[in-house]
Amino acid sequence: MELGLRDRACLVTGSTGGIGLETARQLAAEGAHVATCGRRGAPGVGEDLHLVAELARPGEPERVVAETVAGLGRLDVLVNNVGLARQARFEEVLDEEWDAYWQLNVMSYVRAIRAALPHLRVSGHAAIVNVASTAGKRPSTGMPHYSVTKAAVLSLSRLVADLYAKDGIRCNAVAPGPTATDAWLGKGGLADQSATSGRTREEVLAAVGAGRPLGRLAAPEEIASVVVFLCSDRAAYVTGSAWSADGGTVPVII
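The residue numbers shown here count from 1 along each chain, following its written sequence. Local features in this predicted model are restricted to residues of pLDDT 70 or higher, and side-chain atom pairs are both shown and tallied only at a pLDDT of 80 or more, whereas totals for entire chains, interfaces and linings draw on every residue. Computation of side-chain values covers all heavy atoms of the structure but excludes hydrogens and water.

A. Examining the packing of aromatic side chains more closely. Paired rings are identified among Phe, Tyr and Trp, the last through its six-membered ring, by centres lying within 6.5 Å, and are further divided according to the angle between planes into stacked (under 30 degrees), edge-to-face (over 60) and tilted (the rest). According to the stated counting rule, one finds two aromatic pairs in the structure shown. Residues F90 and W98 carry aromatic rings whose centres are separated by 6.3 Å and whose planes lie at 75° to one another, so their mutual orientation is edge-to-face. Here the term buried applies to any residue with accessible area under 20% of the maximum for its type, exposed to any over 50%, and partly exposed to those in between, with areas from a 1.4 Å probe on protein chains only. The exposed category is assigned to F90, whose relative accessible area is 56%. Ring geometry for F229 against W243: centres 5.6 Å apart, planes inclined by 40°, an arrangement best described as tilted. Of this pair, F229 sits in helix α9 (residues 220-231) while W243 sits in strand β7 (residues 242-245), and the two are 14 residues apart along the sequence. By relative accessible area, W243 is classed as partly exposed at 31%. Working definition: helices are DSSP H or I runs of at least four residues, strands are E runs of at least two. Numbering for both runs from the N terminus.

Here is the structure:
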């Protein structure tokens with residue numbers, strides 16, 4: 001299927017691993033011009049430009065957008081994908097950690113969108129996709145601050161869709177379920193954090209997968225495929241939506 005993404009200028013934040021990496025790879029495969037971004041070096045997935053950034057810091061999302069436009073000549077697509085998560089009890093999470101999660105998980109999206117708007121208004125094919133989480137639709141009691149910030153991303157996405165549809169800018173969110181990325185599989189990641197003296201990390205991962213109606217964790221490229229579709233002309237009449245890509249995890253129809 002031709003998605004109509006050839007020669008589009010795309011910025012994907014958090015794209016040195018996981019869902020963001022696979023999103024950048026698929027966009028490049030569609031013929032788009034892609035700027036990747038993250039704390040690490042270039043991922044080497046066909047990107048035209050790579051930017052090293054700490055997106056939790058004020059000014060960094062704005063710089064990344066400006067350098068993307070300078071490097072690619074314009075901006076048609078923005079994918080916000082950064083995020084931080086850990087297992088914690090609600091009463092143990094201090095204000096400083098709430099603030100840190102808010103800055104990365106929410107304000108990096110706000111700042112990137114705000115900086116991108118002047119360029120997207122003149123695109124003619126403008127699309128924003130914000131990667132949220134099923135925890136934004138139904139909070140995970142074991143990840144309180146992550147859940148609240150991802151719910152904010154869903155609200156932000158609907159707000160931006162309503163505000164800027166008249167300018168030809170579409171904005172949608174994707175809400176993945178547990179996905180086989182470093183967030184779950186990496187050393188010290190969510191699987192390790194959930195392991196106890198009675199359960200190994202392998203048993204944790206098996207239980208998490210079994211808890212989905214489809215019986216497994218998502219592969220990052222499966223989530224990326226939904227993101228890329230929403231970036232494309234094939235989704236030209238889709239805006240303001242929050243697409244679940246969670247193997248049936250959240251039992252709601254919105």
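B. Up close: the pairing of strand β1 (residues 9-12). Of the two faces of β1, both are covered, the one formed by A9 and L11 as well as the one formed by C10 and V12. In this description, strands pair whenever DSSP reports at least two bridges between them. Bridge count for β1 against strand β2 (residues 33-38) is four bridges, and the pairing is parallel. Considered in β2, the bridge of V12 is made with T36. Looking at chain direction, β1 and strand β4 (residues 77-80) are connected through three bridges and run parallel. Within β4, the residue paired with V12 across the bridge is V79.

C. Looking closely at the pattern of salt bridges. By definition here, a salt bridge exists when the distance from a side-chain nitrogen of Lys or Arg to a carboxyl oxygen of Asp or Glu is within 4 Å. On inspection of all chains with the given rule, the structure shows 13 salt bridges. R89 is the salt-bridge partner of E91, the closest N and O atoms lying 2.4 Å from each other. Taking the relative accessible area as the measure of exposure, R89 reaches 48% and is therefore partly exposed. In this structure, the salt-bridge partner of R121 is D167, at a minimum N-O distance of 3.2 Å. Residue R121 is located in helix α3 (residues 95-121), and its partner D167 is located in the loop between α5 (144-164) and β6 (170-176); the two are separated by 46 residues in the primary sequence. Overall, R121 belongs to the partly exposed group, its relative accessible area being 40%. Salt bridges here are not isolated pairs; linked through shared partners, they connect E60, R63 and E67.

D. Up close: the side chain of H50. Topologically, H50 is positioned in strand β3 (residues 49-52). In this structure the side chain of H50 is engaged in a polar contact, spanning 2.8 Å, whose partner is the backbone oxygen of R40. Every residue in contact with H50, bar those within four places of it in the chain, is listed here: T16, T36, C37, G38, R40, G41, A42 and P43. Identification of polar contacts relies on pairs of N or O atoms within 3.5 Å, with a donor-acceptor requirement for protein atoms, meaning one able to donate a hydrogen and the other able to accept it, and with residues adjacent in sequence counted only if both atoms are side-chain atoms. Pairs of residues are marked as contacts when any of their non-hydrogen atoms sit within 4.5 Å.

E. Just the packing of helix α1 (residues 18-29) against α9, in detail. Interaxial distance between α1 and α9 falls to 8 Å at its minimum, and their mutual angle equals 55°. Taken as axis vectors, α1 and α9 run oblique relative to one another. For the pair α1 and α9, the sense of crossing is right-handed. Contacts between α1 and α9 involve G18, I19, E22, T23, Q26 and L27 from the first element and P220, E221, I223, A224, S225, V227, V228 and C231 from the second. Each residue receives one of three labels: charged for Asp, Glu, Lys and Arg, nonpolar for Ala, Val, Leu, Ile, Met, Phe, Trp, Tyr, Cys and Pro, and polar for the others, Gly being one of them. When its residues are assigned to classes, the contact of α1 with α9 shows eight nonpolar, four polar and two charged. The convention used is that axes are lines fitted to C-alpha atoms, helices contributing only their stretch in contact, and that angles between N-to-C directions extend from 0 to 180 degrees. Relative orientations are named as follows: roughly parallel for angles under 35 degrees, roughly antiparallel for angles over 145 degrees, roughly perpendicular for angles from 65 to 115 degrees, and oblique for any other angle. For any helix crossing, the convention is left-handed if the near helix is rotated counterclockwise from the far helix by under a right angle, and right-handed if that rotation is clockwise.

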